[in-house]
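Here is how the chains run, residue by residue.
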Amino acid sequence: MKLYDLELSGNCYKIRLFLSLLDINYELVTVDFMAGQHKSPEFLQLNPLGEIPILEDDGLVLRDSQAILVYLAKKHGGETWLPSDPAGMAQVTQWLSTAANEIARGPADARRNQKFGFAVNLEAAQQKAESIIKTIEQHLIPYKWLALGRPTIADIACFPYIALAPEGGVSLDKYPAINQWCDRLKKLPNFIEMPGITAN
Ligand SMILES: N[C@@H](CCC(=O)N[C@@H](CS)C(=O)NCC(=O)O)C(=O)O
């Protein structure tokens, strides 16, 4: 199994983290993002969107971090991380969509601007970040995990860019339930760090 990766990408980190939690060995291919390797003709054959992460496994080429989490959960995680019953699957999937929409256009976009200088409407991204962070805080007050009362790929998909929100100028200081959720994730066996997310 091969993961096309960038260390500073929260979307790539989702996959590295989940592969570690699943205790799966794989080959890491570091993409030279600054040189635009992800837009090269060879790379566009793997992903016409010119984005990472990409997973290659047994001839299958998959783009999109949420789709890759689904694939790994169903291939290696049994019913634990993404159950097959309609209600359970949908309850996890609604958070995968949140990761790809509200979180991507909120805290992830604010960080893209503040950390990497991408042209983003910072004020709009920070407002969206505050809004989704408040929603998640309220959701987590009575619950330990985002869905089903246990760790699932809902948590893995949403965690990186929520935890990295301060790098986009959005503080998490006012959100105790989110901080406790992050601490719970960091205690999962085989948790790994990325720059900006430490284990303690
Ligand atoms: N929906 C995709 C988004 C992936 C994405 O935006 N990746 C960034 C790195 S974190 C990228 O490759 N950006 C290149 C670009 O937008 O041109 C996912 O969840 O994997």
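Residues numbered from 1 in each chain as written. Predicted model: local features only at pLDDT ≥ 70, side-chain atom pairs only at ≥ 80, totals over all residues. Heavy atoms only, no water.

Before going further, it helps to examine the nonpolar core. Judged by nonpolar contacts, the single largest core of 55 residues is most densely connected at F159, I178 and W181. At the level of elements, α1 (10-21), α3 (65-76), α4 (86-116), α5 (122-140), α6 (153-163) and α7 (176-186) are the ones that each hand at least two residues to this core. It is α6 that contributes the most residues to this core, nine residues altogether. Composition of this core by domain shows at least three residues from each of domain 1 (2-76) and domain 2 (86-186). (Core = buried A, V, L, I, M, F, W, Y, C linked by side-chain atoms within 4.5 Å. Buried < 20%, exposed > 50% of the residue type's maximum accessible area, 1.4 Å probe, protein only. Helix = DSSP H or I, 4+ residues; strand = E, 2+ residues; numbered from the N terminus. Domains from an automatic or database assignment.)

Moving on to the domain arrangement of the protein chain. As a measure of interface size, the accessible area lost when the parts come together is often cited. Domain annotation of the protein chain identifies domain 1 (2-76) and domain 2 (86-186). If you average the C-alpha positions of domain 1 and of domain 2, the two centres end up 21 Å apart. Each partner contributes to the interface: domain 1 provides 14 residues, whereas domain 2 provides 14 residues. Regarding the contact of domain 1 and domain 2, the summed buried area is about 1,100 Å², with carbon and sulfur atoms giving 79% of it. (Contact = heavy atoms within 4.5 Å. Buried area = accessible area lost by both parts, 1.4 Å probe.)

Bringing the pattern of salt bridges into the picture now. As enumerated under the stated definition, the model contains nine salt bridges in all. A salt bridge links D58 to K75; the shortest N-O distance between them is 3.5 Å. Of this pair, D58 sits in the loop between β3 (54-57) and β4 (60-63) while K75 sits in helix α3, placing them 17 residues apart in sequence. By relative accessible area, K75 is classed as partly exposed at 40%. One salt bridge in this structure joins K74 and E79, with 3.4 Å as the shortest N-O distance. Residue classification places K74 among the partly exposed positions, given a relative accessible area of 33%. If you follow the salt bridges from partner to partner, you end up with D57, D58 and K75 in one network. (Salt bridge = Lys/Arg side-chain N within 4 Å of Asp/Glu carboxyl O.)

Turning our eyes to something else, we now look at α1. Across its twelve residues, α1 extends 16 Å between first and last C-alpha, which sits within 8% of the 16 Å expected from 1.5 Å per residue. In terms of burial, α1 is largely enclosed, as eleven of its twelve residues are buried. Residues of α1 that are buried: G10, C12, Y13, K14, I15, R16, L17, F18, L19, S20 and L21. Buried residues along α1 sit against β1 (2-5), β2 (27-30), α3, α4 and α6. Note on α1: the residue one or two positions beyond its end, D23, has a positive phi of about 60°. (Expected span 1.5 Å × (residues − 1).)

This brings us to the site of the ligand. By nearness alone, 13 residues border the ligand, and S9, K39, I52, D64 and S65 come closest of all. The separation between a nitrogen atom of the ligand and a polar main-chain atom of I52 is 2.7 Å. Measuring from an oxygen atom of the ligand, one finds a side-chain N or O atom of Q66 at 3.3 Å. Surface burial for the ligand is 76%, taken as the share of its 510 Å² of free accessible area covered by protein chains. Each residue belonging to the shell around the ligand can be placed in one class, and the counts come to four nonpolar, six polar and three charged. (Near = heavy atom within 4 Å. Polar contact = N/O pair within 3.5 Å; in protein donor to acceptor, adjacent residues only side chain to side chain. Areas by Shrake-Rupley, 256 points an atom, 1.4 Å probe, with all protein chains shown as cover. Nonpolar A, V, L, I, M, F, W, Y, C, P; charged D, E, K, R; others polar.)

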